[in-house]
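Read off the chains here:
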Amino acid sequence: MGKFGELYQSGDWKGEKHVPVIHIKDKVKKGEIVELRVNIGEEIPHPNTLEHHIKWMKVYFHGEGDKFPVEIGNYVMNSHGEYGVFTEPDIIIKFKVEKSGTIYATSYCNIHGLWENSKKVEVE
């Protein structure tokens, strides 16, 4: 039996419309509020239709030396065309960190499954 993590796909977001794109400064100040934006389909738009959509996105921070990551956001996109309303997978999170680490963003497409991306963040 395989591991759940083996089900995640990744790639270069500039050529793959399902990969979460992480926007955060490379260096942030310890204890200050930092803004993080995660979206899907930045370079190649994702359809976001009833038939083909991003259902959810989760964002984690894994501090250097920590045993486990901390979930800093869990976002469900519920509107996929009902009465002409379509949710776009584009979120902004504000949070504070005390040490350097890695942001992990994951998402689920109803047709193409699980996707992931990560970005290191240095705390000054």
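Above this text sits the structure in question.
Residues numbered from 1 in each chain as written. Predicted model: local features only at pLDDT ≥ 70, side-chain atom pairs only at ≥ 80, totals over all residues. Heavy atoms only, no water.

Asker: So what's going on with the environment of Trp115? Which residues, and what values?
Answerer: Counting through the fold element by element, Trp115 comes out in strand E8 (residues 113-123). Considering only alpha carbons, one finds Trp115 and Leu7, 108 residues apart in sequence, at a separation of 8.4 Å. In this structure Trp115 touches Tyr8, Gln9, Ser10, Glu16, His18, Val19, Pro20, Ala105, Thr106 and Ser107, once residues within four positions along its chain are discounted. (Helix = DSSP H or I, 4+ residues; strand = E, 2+ residues; numbered from the N terminus. Contact = heavy atoms within 4.5 Å.)

Asker: Run through the sheet that holds strand E2 (residues 27-28), naming residues and quoting values.
Answerer: One key point about sheets: their strands pair by backbone hydrogen bonds, in either a parallel or an antiparallel sense. Within the open sheet, the 5 strands sit side by side as E2-E8-E7-E4-E5. Their pairing is mixed. The two strands at the open ends of the sheet, each matched to only one other strand, are E2 and strand E5 (70-76). With 6 bridges joining them, strand E4 (residues 54-63) and E5 adopt antiparallel strand pairing. Considered in E5, the bridge of Phe61 is made with Val70. (Pairing = 2+ DSSP bridges.)

Asker: Can you explain the pairing of strand E3 (residues 34-40)? Please cite residues and give values.
Answerer: Counting buried residues in E3 gives 5 out of 7 residues, a clear majority hidden from the surface. Sheet analysis places E3 next to strand E6 (residues 90-95), joined by 6 bridges and oriented antiparallel. Within E6, the residue paired with Val34 across the bridge is Phe95. (Buried < 20%, exposed > 50% of the residue type's maximum accessible area, 1.4 Å probe, protein only.)

Asker: Can you lay out the packing of aromatic side chains for me, pointing to particular residues and giving the numbers?
Answerer: By the definition in use, this model includes 2 aromatic pairs. Ring geometry for Phe4 against Tyr8: centres 6.0 Å apart, planes inclined by 85°, an arrangement best described as edge-to-face. Look at Phe4 and you get exposed, because its relative accessible area is 54%. Note that Lys58 overlies the ring of Trp56, its terminal NZ or CZ placed 5.8 Å from the centroid. (Phe/Tyr/Trp six-rings, centres within 6.5 Å; stacked < 30°, edge-to-face > 60°. Lys NZ or Arg CZ within 6 Å of the ring centre and 35° of its normal.)

Asker: An account of the environment of Ser79 is needed here, citing residue identities and associated values.
Answerer: Relative to the helices and strands, Ser79 is located in the loop between E5 and E6. Note: C-alpha distance between Ser79 and Glu35 (44 residues apart in sequence) is 25 Å. Residues in contact with Ser79, not counting those within four places in the same chain, are Val85, Phe86 and Thr87.

Asker: Can you explain the pattern of salt bridges? Please cite residues and give values.
Answerer: Summed over the entire model, instances satisfying the criterion amount to 5 salt bridges. Between Lys94 and Glu35 there is a salt bridge, and its shortest N-O distance comes to 3.8 Å. With Lys94 in strand E6 and Glu35 in strand E3, the pair connects residues that are 59 residues apart, well separated along the chain. We note a salt bridge from Arg37 to Asp90, for which the minimum N-O separation is 2.6 Å. Taken together, the positions of Arg37 in strand E3 and Asp90 in strand E6 put the pair 53 residues apart, joining distant regions of the chain. (Salt bridge = Lys/Arg side-chain N within 4 Å of Asp/Glu carboxyl O.)

Asker: Could you give an account of the sheet that holds E3, naming the residues involved and the relevant values?
Answerer: Spatially, the 3 strands line up as an open sheet ordered E1-E3-E6, and their pairing is antiparallel. Strands with a single pairing partner mark the edges of an open sheet, and in this sheet they are strand E1 (20-23) and E6. The sheet shows a mean angle of 20° between the axes of neighbouring strands, taken without regard to direction. (Axes fitted to C-alpha atoms, helices over the stretch in contact; angles between N-to-C directions.)

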